[in-house]
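Spelled out, the chains give:
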Amino acid sequence: MSAQDEERRKALKPAVNMASAVAIAKKVWGLRIDDDDDDPPKLLESYDDCNFYISGTLPPSALDPSPTKQKYLLKVQNGVESATPQVLAFQHAMMSRLTSAGLQCQRPVLLPPSLPPSSDNVEPHFIHYQTLPVLAGPPTRLAIRLLQWVEGTSLVNISPPAFSSSSAPNLPPSPPPLALALLSAGRYLGKIDQALLNFNHPGAHRQHMWDVRSLSQLRAWVPYVPEEGEKRRLVLSVIEAFEKEVVPVAEKGEQETAQEEENRRTEEEKTAGFRQGVVMGDWNDANIIVDPLRPSLVLGAIDFGDSLWSWRINDVAIAMAYAAVSSFGKTHPVHAAALLLHGFVATASSIPPWEAGHLLTLACGRLAISVTLGAYSFAQNPENEYLLIHAQPAWSALRTLWGRQRERVVEVFRRAAEGGREGGEGDEEFWKEIAGKRFGLVGEEDWVGLCREGEGDKGNE
């Protein structure tokens, strides 16, 4: 997805109301929805699609002659992905791959055989197309899918620990429930990483603004970031570090001279660069499904809209970024990111050292994308102050991870990358090791002061 696609996604977000969604589910899939049901349909929050929770009963079929009432997600895709059905076909293939590996995720529901497929539909058994209103412009042909519901609750719905406060207090001697949940979330992502080894699909190869590998493209959007509080400088600092330090290593197989190759530390590094493959791409607390009574038990994954072919290390880096803005991460962003990483390496492939050394920059790259595209969204809709409120934890995490404590953060991540074990052995010891390390949150005034100090140092050179 190019920068132009990102703009189009905003304009082509479906403008579908609840009544229309229910009518589509009934007419297309034959879903029976009781009017007096105590579990009514709901509109769910979504970035650029329209998602609806619907509970009902499908008509009998050869596969299920006696269907029972089930929960579903009706997803009306935005106009950009609707016009690229190979991407949706890739998501379905990925869902199937993960399910085959014993992991829980959404799966598309078959369309009735009586429904005639369109000639240009690459997924005629799962995707229905219909012309529907969008936020800007004329009605557009949009892709609609009915997906199985993953039981449980999103991790974002779990209440934060009672000790949380804006002053980043001392951590308890044993990991609290949300810390254990982040460790488990990391382990589940590691299993996803393993399940996707050697998996490929034509629809995975695409440009996407949220892909950290494409961070340099963010420069075109930086003017939307306000200059006050040195916010713009913060984002540019991350981009510059990415271009200077990450890209030459990640793409070294393509860019390096023969002499530079020869000077490399190990034989493996000479041709390696960063490993590539399919990544989930959006392992955040809204997409992590857990047991509501035991949040450390991860039940499944949802939302593969950001999945694509990229550097494999980006999957855990993105997850670390979102851990840093989770309920626990809002007061302890460094610890939260480290916990998720520690869990990840217990079940995933080992992370090569030339990748692990850049995890901080990659995680901050995803945060930079989030705050920058959020600033763009606010510029398009300045009445929506929720966008600014939603961005505050990301700005706080970005300043804290990228500020004066950067070397200490890198050391904690290096220790986390050494990993625990799949069953959780070593988690208590790791917690005790990092719980005593304090990382004060870096506020906007603190960041401005750091920037001025940097300018002063340059002036004395």
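Residues numbered from 1 in each chain as written. Predicted model: local features only at pLDDT ≥ 70, side-chain atom pairs only at ≥ 80, totals over all residues. Heavy atoms only, no water.

Asks: Report on the overall build of the chain, specifying residues and quantitative values.
Replies: When its secondary structure is counted, the chain shows 17 helices and 10 strands. Residue burial in the chain is summarised as follows: out of 461 residues, 53% are buried. Contacts spanning at least 24 positions in sequence make up 75% of the contacts within the chain whose residues lie at least 6 apart. In the structure as shown, the chain presents an accessible area of about 20600 Å², 51% of it carried by carbon and sulfur atoms. (Helix = DSSP H or I, 4+ residues; strand = E, 2+ residues; numbered from the N terminus. Buried < 20%, exposed > 50% of the residue type's maximum accessible area, 1.4 Å probe, protein only. Contact = heavy atoms within 4.5 Å. Areas by Shrake-Rupley, 256 points an atom, 1.4 Å probe, with all protein chains shown as cover.)

Asks: I'd like a rundown of the side chain of Gln-405, residues and numbers included.
Replies: Relative to the helices and strands, Gln-405 resides in the loop between helix 14 (386-402) and helix 15 (406-416). Note on Gln-405: relative accessible area 14%, which makes it buried. Excluding anything up to four places from it in sequence, Gln-405 contacts Thr-400, Arg-438, Phe-439, Gly-440 and Val-442.

Asks: Quick one: what's the story with the nonpolar core, residue by residue and with numbers?
Replies: Membership of the largest hydrophobic core comes to 108 residues, with the highest contact counts inside it found for Ile-192, Leu-218, Trp-283 and Phe-413. In terms of residue count, the dominant contributor to this core is helix 13 (residues 359-380) (12 residues). Contact partners of Phe-413, with chain neighbours within four places excluded, come to Met-320, Val-334, Ala-337, Ala-338, Leu-341, Leu-360 and Leu-401. (Core = buried A, V, L, I, M, F, W, Y, C linked by side-chain atoms within 4.5 Å.)

Asks: Let's hear about unusual backbone geometry: which residues, and what values?
Replies: With a phi close to 65 degrees, Asn-198 is a non-glycine residue in the positive phi region. Summarising the element assignment, Asn-198 is placed in the loop between helix 5 (177-195) and helix 6 (231-250). With phi around 55 degrees, Glu-230 is a residue other than glycine that occupies positive phi space. Summarising the element assignment, Glu-230 is placed in the loop between helix 5 and helix 6. Classification of Glu-230 as partly exposed rests on a relative accessible area of 22%.

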